[in-house]
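# Inside the fold
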Amino acid sequence: MNKDTVLIIGASGQIGTDLTMNLRAIYGDAHVVASDIKSAAPEVMETGPFEQLDIMDEARLHEIVDKHKVTQIYLLAALLSATAEKNIELGWNLNMRSLSHVLDLARVGKIKKVYWPSSIAVFGPSTPSINTPQYTVMEPNTVYGISKQAGERWCEYYNQKFGIDVRSIRYPGLISWKAQPGGGTTDYAVHIFHEALKSGKYESFLSEKTTLPMMYMPDAIRATLELMEAPAEKIKIRSSYNVAGTSFSPEEIAAEVKKHIPHFEMTYKSDERQAIADSWPQSINDNLAREHWDWKHEYDLATMVEDMMQNLKKQYK
Ligand code: NAD
Ligand code: AKB
């Protein structure tokens with residue numbers, strides 16, 4: 001068994017709920033410390049250590065790292081796009097300070113490896129929106145996107161100046177059944193399943209033709225673990241890697257959901273999240289992730305919807 005001890009910060013969220021269980025399967029339950037400002041799902045709380053942590057409290061972070069002899073940190077705590085637009089100051093402070101607290105722990109030699117997720121939100125309206133390349137124009141126009149772009153610069157800086165082993169992925173919108181999403185622009189693609197199963201209808205807050213890059217959680221978790229397990233010399237990009245799963249619009253996912261629930265009806269009423277979605281790419285080129293560390297997605301829209309339906313139907317029975 002691997003001797004590392006991992007700390008996950010933001011373990012109660014959409015990614016943390018799945019990632020914690022996957023990391024516990026690899027490192028052993030006792031070697032994966034979940035932490036968050038709020039308590040986590042029962043399976044996370046009951047299978048291994050959990051520490052209450054406000055990541056803005058740097059002294060408490062050091063205390064937890066010392067107590068558990070942590071060697072790796074997965075930093076997931078953040079305000080996502082829609083929530084950050086409503087609270088600019090908290091979005092910027094939380095997304096930036098959390099990262100500097102963790103990178104500084106690595107700089108003083110207390111931890112060996114850092115994982116920090118970026119997002120397709122690093123791109124903006126002037127970015128080529130189809131098959132968006134790794135290196136391109138990046139002028140994000142949301143607080144969240146600006147914080148992710150600044151975070152990428154800091155990750156690369158700490159790698160180059162201090163040799164910190166920091167790794168990152170620009171996740172697309174993530175779809176999962178274990179935990180609800182936490183305030184993003186792509187959340188409609190999770191809500192749709194719950195509402196379809198509960199009431200047979202859903203009102204999308206994005207318009208029918210708004211195509212965005214998306215990924216099913218098992219692919220996102222596998223990408224994260226493969227990136228983190230890859231030999232350091234293979235990781236040639238220390239800002240953040242483009243990765244792609246599938247791309248679809250609300251009307252395309254609605255048609256797929258209808259195959260499982262024939263009476264399902266979707267209506268559309270755009271809100272302020274439409275402008276955020278319109279500033280993001282429609283599809284992502286992930287050739288460099290494929291080349292450098294052999295990334296390859298598995299799920300497309302149909303297989304993802306099939307799996308979501310199977311799992312959520314059990315929950316709603
Ligand atoms: P989430 O909102 O579901 O979870 C974030 C967690 O952070 C929550 O459990 C929250 O309680 C916790 N948190 C908030 N403030 C905290 C604080 N001060 N101290 C400690 N914990 C705090 O988010 P997620 O979807 O799991 O995203 C995790 C990371 O992945 C974020 O950096 C996000 O930007 C990134 N990401 C997510 C997606 C996606 O579609 N889910 C896509 C791209 C990037
Ligand atoms: C959001 O919509 O904010 C996230 C993301 C793509 O970063 N899902």
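Reading the values: rules and limits
- Residues numbered from 1 in each chain as written.
- Chains lettered and ligands numbered in written order.
- Predicted model: local features only at pLDDT ≥ 70, side-chain atom pairs only at ≥ 80, totals over all residues.
- Heavy atoms only, no water.
- Pairing = 2+ DSSP bridges.
- Helix = DSSP H or I, 4+ residues; strand = E, 2+ residues; numbered from the N terminus.
- Near = heavy atom within 4 Å.
- Polar contact = N/O pair within 3.5 Å; in protein donor to acceptor, adjacent residues only side chain to side chain.
- Areas by Shrake-Rupley, 256 points an atom, 1.4 Å probe, with all protein chains shown as cover.
- 1 Å grid on protein atoms, 1.4 Å probe; cavity = no way out; pocket = protein on both sides within 12 Å on 5 of 7 lines; lining within 4 Å.
- Sits in = over half its atoms within 2 Å of the grid points.
- Nonpolar A, V, L, I, M, F, W, Y, C, P; charged D, E, K, R; others polar.
- Points joined across faces, edges and corners; volume = space filled by probe spheres on them.
- Domains from an automatic or database assignment.
- Buried < 20%, exposed > 50% of the residue type's maximum accessible area, 1.4 Å probe, protein only.
- Axes fitted to C-alpha atoms, helices over the stretch in contact; angles between N-to-C directions.
- Contact = heavy atoms within 4.5 Å.
- Parallel < 35°, antiparallel > 145°, perpendicular 65-115°, else oblique.
- Left-handed = near helix turned anticlockwise from the far one by under 90°.

This brings us to the sheet that holds strand 6 (residues 118-119). Sheets are built from strands paired through backbone hydrogen bonds, the pairs being either parallel or antiparallel. Read across the sheet, 3 strands follow the order 6-8-12 without closing on themselves; strand pairing throughout is parallel. At either end of the open sheet lies a strand with only one pairing partner, and these are strand 6 and strand 12 (241-242). The pairing of strand 8 (residues 169-171) with strand 12 spans 2 bridges and is parallel. Counted as the bridge partner of R170 is N242 from strand 12.

Glancing now at the site of ligand 1. Taken together, 26 residues surround ligand 1, and among them Q14, D36, Y144, K148 and L174 come closest. The backbone of G13 places a nitrogen or oxygen atom 3.1 Å from an oxygen atom of ligand 1. At 2.6 Å from an oxygen atom of ligand 1 is found a side-chain nitrogen or oxygen belonging to D36. For ligand 1, the protein covers 92% of the area, taking 830 Å² as the surface of the free molecule. Judged by the proximity of its atoms to the pocket grid, ligand 1 belongs to the largest pocket. Going through the elements one at a time, helix 1 (14-27), strand 6, helix 6 (143-162) and strand 9 (173-175) are the ones with two or more residues in the shell around ligand 1. Partitioned by chemical class, the residues of the shell around ligand 1 number 14 nonpolar, 8 polar and 4 charged.

Within this model, the largest pocket holds a volume of roughly 950 Å³. Together, 48 residues line the largest pocket, and L76, A77, A78, L79 and L80 are the ones closest to its centre. Of all elements in the fold, only helix 1, strand 2 (32-36), helix 5 (88-107), strand 6, helix 6 and strand 9 reach the threshold of two or more residues within the lining of the largest pocket. By residue number, the principal contributor to the lining of the largest pocket is helix 5, which donates 5 residues. Across the lining of the largest pocket, the residue classes tally to 25 nonpolar, 18 polar and 5 charged. Looking at which domains feed residues into the lining of the largest pocket, each of domain 1 (6-121 + 137-173 + 217-242) and domain 2 (174-214 + 246-284 + 300-316) gives three or more.

What follows deals with the pairing of strand 4 (residues 72-75). The side-chain alternation of strand 4 yields two buried faces, one formed by Q72 and Y74 and the other by I73 and L75. Across 4 bridges, strand 1 (residues 6-9) lies against strand 4 in parallel orientation. When the bridges of strand 4 are listed, V6 appears paired with Q72. Taken together, the 3 bridges between strand 4 and strand 5 (residues 113-115) define a ladder with parallel strand orientation. Within strand 5, the position partnered with Y74 by the bridge is Y115.

Lining the immediate surroundings of ligand 2 are L80, S81, S119, I120, Y144, G173, G184, T185, T186 and W280. One of the side-chain nitrogen or oxygen atoms of S119 is found 2.7 Å away from an oxygen atom of ligand 2. Notes on ligand 2: free accessible area 250 Å², of which the protein chains cover 93%. The cavity that encloses ligand 2 is the largest pocket. Residues belonging to the shell around ligand 2 are distributed by class as follows: 4 nonpolar, 6 polar and no charged. The two domains that each donate at least three residues to the shell around ligand 2 are domain 1 (6-121 + 137-173 + 217-242) and domain 2 (174-214 + 246-284 + 300-316).

Taken together, the 3 strands give an open sheet; going across it, the order is 9-11-13, and neighbouring strands pair in mixed fashion. Only two strands of the sheet have a single partner each, and these edge strands are strand 9 and strand 13 (246-248). Averaged over all pairs of adjacent strands, the angle between their axes in this sheet comes to 45 degrees, without regard to strand direction. Here strand 11 (residues 212-216) runs beside strand 13; their pairing, made up of 3 bridges, is antiparallel. Across the sheet, M214 pairs through a bridge with T246, a residue of strand 13. Helix 8 (residues 217-229) contacts strand 9 and strand 11 of the sheet and is inclined by roughly 80 degrees relative to strand 11.

Here we take up the packing of helix 7 (residues 188-199) against helix 12 (residues 301-316). A pair of packed helices can be characterised by two numbers: the angle between their axes and the separation between those axes. Helix 12 packs onto helix 7 with a crossing angle of 50 degrees between their chain directions and a minimal axis gap of 10 Å. Classified by the angle between their axes, helix 7 and helix 12 sit oblique to one another. With respect to the hand of their crossing, helix 7 and helix 12 are arranged in right-handed fashion. Facing helix 7, whose interface residues are F193, H194, L197 and K198, helix 12 presents M304, V305, M308, M309, L312, K313, Q315 and Y316. Tallied by class, the residues present in the contact of helix 7 with helix 12 amount to 8 nonpolar, 2 polar and 2 charged.

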